[in-house]
Amino acid sequence: MKFRNFGKKSLTELDELVMVKGLTFGMDLTKYKLDKVNSYFLDKRNSHKKFELTMRHGKKINHLSRKTAHRKSMLSNMACSLIEHKRINTTVAKAKALRQFVEPLVTKSKEDSTHNRRIVFRNLKSKDAVSELFRNVAVKVGDRPGGYVRIIKLGNRLGDNADMAMVEAVD
């Protein structure tokens, strides 16, 4: 076999090798005598390579199947909506990511300084949301030591059966 990886060419080569033997994919190949190339894939010692488990070092953030810029702008928009409307509906995964995004901003808003406003504005990118956060929300949660966002699970969405949740700001 010329190609060791499982790209398009190597799969066509495997298909040709199997066709030469008179076999098709999906058959039980244990009862047939095969050459070294095909027996490599049936060998018990190599079967663990398909399902190799790895540790989750450095994978703390949920990427939500989006690239970085899209994820940051989505979380920023959702945070602005949460601050403005006090309650939004979204999926559970997005709700948990939103909680991690919003709670440090609310903590920053407890101390009204130009520096904190600029840090929060860097993340939210909306003057109205920043002013609402520093004027109204920070006053209401000023004595709380965290836990400014509540997630209530709602059930599953009809179209794709995704877990839905209501995210609300705790007063």
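Look up: the structure comes first, before these words.
Now for a look at the structure at hand. The structure displayed is predicted, hence computed values, not measured ones.

### With respect to the environment of L154
Next up, step 1: Take L154: it is sitting in strand β2 (residues 149-156).
Next up, step 2: A residue is classified by how much of its surface remains accessible, and L154, at 48% relative accessible area, is partly exposed.
Next up, step 3: C-alpha separation for the pair L154 and M166, spaced 12 residues apart in sequence, amounts to 6.7 Å.
Next up, step 4: Not counting chain neighbours up to four residues away, the residues in contact with L154 comprise N89, M164, A165 and M166.

### What about the packing of aromatic side chains?
Next up, step 1: Scanning all chains against the criterion turns up 0 aromatic pairs.
Next up, step 2: The cationic tip of R117 hangs over the ring face of F134; the distance from NZ or CZ to the ring centre is 4.6 Å.

### Considering helix α6 (residues 127-140)
Next up, step 1: Look at α6: 20 Å from first C-alpha to last across 14 residues, which is about the 20 Å you get at 1.5 Å a residue.
Next up, step 2: Looking at the buried residues of α6, the elements they touch are α3 (68-85), α4 (92-109) and α5 (114-124).

### Some points on the pattern of salt bridges
Next up, step 1: Here the structure, examined in full by the defined rule, presents 5 salt bridges.
Next up, step 2: Note that K86 and E132 form a salt bridge whose closest N and O atoms lie 2.9 Å from each other. Taken together, the positions of K86 in the loop between α3 and β1 (87-91) and E132 in helix α6 put the pair 46 residues apart, joining distant regions of the chain.
Next up, step 3: The class for E132 is partly exposed, based on a relative accessible area of 24%.
Next up, step 4: The partner of D112 in a salt bridge is R117, with the nearest N and O atoms 2.9 Å apart.
Next up, step 5: Here D112 falls in the partly exposed class, since its relative accessible area comes to 49%.
Next up, step 6: For R117, a relative accessible area of 28% translates into the label partly exposed.
Next up, step 7: Put simply, R87, R150 and E168 are held in one network by salt bridges that share partners.

Reading guide: rules and limits
Residues numbered from 1 in each chain as written. Predicted model: local features only at pLDDT ≥ 70, side-chain atom pairs only at ≥ 80, totals over all residues. Heavy atoms only, no water. Helix = DSSP H or I, 4+ residues; strand = E, 2+ residues; numbered from the N terminus. Buried < 20%, exposed > 50% of the residue type's maximum accessible area, 1.4 Å probe, protein only. Contact = heavy atoms within 4.5 Å. Phe/Tyr/Trp six-rings, centres within 6.5 Å; stacked < 30°, edge-to-face > 60°. Lys NZ or Arg CZ within 6 Å of the ring centre and 35° of its normal. Expected span 1.5 Å × (residues − 1). Salt bridge = Lys/Arg side-chain N within 4 Å of Asp/Glu carboxyl O.

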